[in-house]
Amino acid sequence: MKASLGRCARGVQLVTSRSLGPYQTAAVRIGLAGTWLLFLLREFPHRQLLYGPDGPWGWSMARRLIAGNDAFTLLMWSDGRLWFEAVYALAVLASALLLVGWRTRTMSVLFMVGVLSLQNRNIFVGDGGDNVVHLLAIYLVLTRCGQVWSLDARRAARAGAAGREPWADRAGPVLWAGGAAALAAVTVLGVAGWGWLLFFWTLLTGQALWWWLGRRAPDGQAYLLSDVVAHLVHNGALLVIMVETCLIYATAGWYKIQGSRWQDGTAVYYPLQLESFSPWPGISGVLAGQGLLVLVVTYGTVLTQVAFPFALLNRRAKNVLLALMMAEHLAIAVLLGLPFFSLAMIAADAVFLPTVFLLWAGARCARARAGVVRRARAVFGRGADGVPGDEEPAGPARKLPVRPS
């Protein structure tokens with residue numbers, strides 16, 4: 001009994017004392033923002049047809065649909081072309097800034113607004129990966145995804161080295177004040193549903209209260225309590241992302257088992273024969289002609305998806321299946337021409353990547369970046385010595401919290 005109580009106490013202390021998975025949430029942030037940004041840039045020439053006034057799914061039809069499901073989208077506030085371009089530009093800018101981790105808390109909210117606005121404007125555009133982006137964009141708002149690998153983390157580290165208080169920064173409060181003004185105008189005009197207004201006001205009020213308590217009494221009990229709540233919200237959202245990813249694979253695997261083509265081992269053959277899913281017809285034809293390979297891939301896909309949630313109980317098994325699924329998504333991206341679906345799923349899978357691997361990958365990327373910067377400075381005559389101030393902290397800041405502005 002005492003041992004059980006001790007484990008429970010340690011578990012409670014763990015989830016209330018710090019925000020878990022800083023590198024995993026950063027990887028999800030980078031993967032998700034990068035996926036959506038690449039999609040928006042690729043579809044930029046077709047944006048008016050997909051989500052704008054020129055699309056077959058007209059503004060009036062979308063408005064009737066949204067009136068029934070109360071979905072959130074800025075594009076229902078006006079059918080003007082200029083308003084659409086502004087919303088699309090906001091989505092691109094928020095994705096880019098969230099990718100590099102600039103004011104991650106603010107950008108995560110704007111990123112979610114951009115994703116929901118475009119996807120809910122035309123729900124008939126997508127390949128399955130849009131659903132993953134849709135859900136992760138909402139969950140990411142509740143996480144502290146800028147603890148590492150972000151401009152926020154670098155700013156906090158430099159502030160600590162210079163002996164400055166993290167609350168001395170003013171850009172974050174200015175951004176949130178502008179958000180408060182915009183949200184107040186939206187509330188007065190009544191152009192958004194009350195559920196979404198309550199959600200946004202809760203986010204805004206919680207952030208303002210956390211910032212004010214940290215500025216007035218960073219060692220006080222009220223601020224410590226608010227930090228505990230922030231840890232719980234982050235860890236809860238991280239758990240939801242993990243459960244959501246497991247549900248995606250489990251449901252996909254169990255539904256496949258019920259299909260006759262998956263049972264006889266020929267299911268993979270048929271999409272390779274579809275012209276719309278064959279960007280490389282020659283390669284698809286060769287693979288489709290290998291009966292044993294088709295059989296192995298078909299059964300292997302089902303087994304991997306069904307077994308993955310259970311493999312989380314064993315670290316080695318989880319890492320092996322995770323590598324197999326990521327390889328499978330890369331194959332889908334190349335062979336079936338679904339790059340954004342694959343990137344979205346890989347971004348969701350990143351929540352399960354081991355910290356050791358993420359640290360190794362981060363160090364390699366940092367060295368590669370430093371080498372590029374040194375060579376660039378040498379070419380432009382600035383010298384090829386080290387790049388001062390570009391060091392990334394080895395882990396999340398402990399003494400100086402990263403202010404998620």
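Predicted model, so just to flag it, every value in this text is computed and none were measured. Along each chain, residue indices are assigned from 1 in the same order as the chain's sequence is written. It should be noted that, the model being predicted, local features are given only for residues of pLDDT at least 70 and side-chain atom pairs only at 80 or more, the latter also being counted only at that level, while totals for whole chains, interfaces and linings use all residues. The side-chain values count all of the structure's non-hydrogen atoms but skip hydrogen atoms and water molecules.

## Thoughts on the layout of surface pockets
- Note on definitions: the grid is 1 Å and covers protein atoms alone; a cavity is a set of points where a 1.4 Å probe fits but cannot get out; a pocket is an open set with protein on both sides within 12 Å along at least five of seven lines; lining residues have an atom within 4 Å of a point. Grid points are joined across faces, edges and corners, and a volume is the space filled by probe spheres set on the points. Taken as a whole, the largest pocket spans an internal volume of roughly 890 Å³.
- Lining the largest pocket are 35 residues, and of these Trp262, Thr301, Glu328, Ile332 and Leu336 sit closest to its centre.
- Runs of E in the DSSP output that reach at least two residues are strands. Runs of H or I that reach at least four are helices, and both are numbered from the N terminus. Elements that contribute at least two residues to the lining of the largest pocket include exactly helix H7 (129-140), helix H11 (221-257), helix H14 (291-311), helix H15 (315-335) and helix H16 (339-349).
- Examining the composition of the lining of the largest pocket, we find that eight residues originate from one element, H15, more than from any other.
- Residues are grouped as follows: Ala, Val, Leu, Ile, Met, Phe, Trp, Tyr, Cys and Pro are nonpolar; Asp, Glu, Lys and Arg are charged; every other residue, Gly included, is polar. By residue class, the composition of the lining of the largest pocket is 24 nonpolar, seven polar and four charged.

## Things to note about the packing of helix H2 (residues 22-42) against H7
- Close contact between H2 and H7 brings their axes to 11 Å; oriented N to C, the two are set at 135°. It follows from the interaxial angle that H2 and H7 lie oblique. H7 is crossed by H2, and the crossing has left-handed handedness. Each of Thr25, Val28, Arg29, Leu32 and Trp36 in H2 lies in contact with H7, whose residues at this interface are Val133, Leu136, Ala137 and Leu140.
- Classifying every residue of the contact of H2 with H7 by side-chain character gives seven nonpolar, one polar and one charged. To obtain an axis, a line is fitted to C-alpha atoms, over the contacting stretch when the element is a helix, and the angle between two such axes runs from 0 to 180 degrees between their N-to-C directions. Throughout this description, any angle smaller than 35 degrees is read as roughly parallel, any larger than 145 degrees as roughly antiparallel, any in the 65 to 115 degree range as roughly perpendicular, and the remainder as oblique. Note: crossing handedness is left-handed where the near helix turns anticlockwise from the far helix by less than a right angle, and right-handed where it turns clockwise. Between two residues, a contact is recorded if the distance between any of their heavy atoms is within 4.5 Å.

## Observations regarding the packing of aromatic side chains
- Aromatic rings from Phe, Tyr and Trp, taking only the six-membered ring of Trp, are treated as a pair when their centres fall within 6.5 Å; an angle between ring planes under 30 degrees marks them as stacked, one over 60 as edge-to-face, and anything in between as tilted. With the rule as written, the count across this model stands at 18 aromatic pairs.
- Here the aromatic rings of Tyr269 and Tyr270 are separated by 5.3 Å at their centres, their planes lie at 85°, and the arrangement is edge-to-face.
- Of the residues examined, Tyr270 reaches a relative accessible area of 38% and is grouped as partly exposed.
- Placement of a positive charge over a ring is assigned whenever Lys NZ or Arg CZ falls within 6 Å of the ring centre and within 35 degrees of the normal to the ring plane. Above the face of the Phe44 ring, Arg47 is positioned so that its terminal group lies 3.9 Å from the ring centre.
- Looking at Lys256, its charged tip hangs above the ring of Trp262, at a distance of 5.2 Å from the centre. Any residue under 20% of the maximum accessible area for its type is buried, any over 50% is exposed, and the rest in between are partly exposed; the area is computed with a 1.4 Å probe on protein chains only.

## What about the packing of H2 against helix H5 (residues 81-100)?
- Two elements in contact, H2 and H5, have axes separated by 8 Å at closest approach and are oriented at 150°. Every pair of crossing elements has a handedness; the one defined by H2 and H5 is left-handed. Every residue of H5 that contacts H2 at Arg29, Ile30, Ala33, Gly34, Trp36, Leu37, Leu40 and Leu41 is listed here: Tyr88, Ala91, Val92, Ser95, Ala96, Leu98, Leu99 and Val100.
- Tallied by class, residues from the contact of H2 with H5 come to 13 nonpolar, two polar and one charged.

## Examining empty space enclosed by the protein
- Counted by the stated rule, this structure contains two cavities of 30 Å³ or more.
- By volume, the largest cavity is sized at about 80 Å³.
- Considering the residues around the largest cavity, the lining is formed by Tyr51, Gly52, Pro53, Trp59, Leu75, Ser78, Asp79, Gly80, Trp83, Phe84 and Arg121.
- Here the lining of the largest cavity is built from residues that sort into six nonpolar, three polar and two charged.
- Taken as a whole, the second largest cavity encloses approximately 40 Å³ of empty space.
- Around the second largest cavity, the lining residues are Val132, Leu135, Leu136, Glu244, Thr245, Ile248 and Ala348.
- Looking at the lining of the second largest cavity, the elements with two or more residues in it are H7 and H11.
- Residues belonging to the lining of the second largest cavity are distributed by class as follows: five nonpolar, one polar and one charged.

## Some remarks on helix H8 (residues 151-162)
- End to end, H8 covers 16 Å across twelve residues, agreeing with the expected 16 Å (1.5 Å per residue, within 8%).
- Taken together, the buried positions of H8 are Asp152, Ala153, Arg154, Ala156 and Ala159.
- In this structure, the buried residues of H8 make contact with helix H6 (104-121) and helix H17 (355-379). Expected helix span is taken as 1.5 Å per residue step, with the number of steps being one fewer than the number of residues.

Everything listed is a geometric property; what it means functionally is a separate question.
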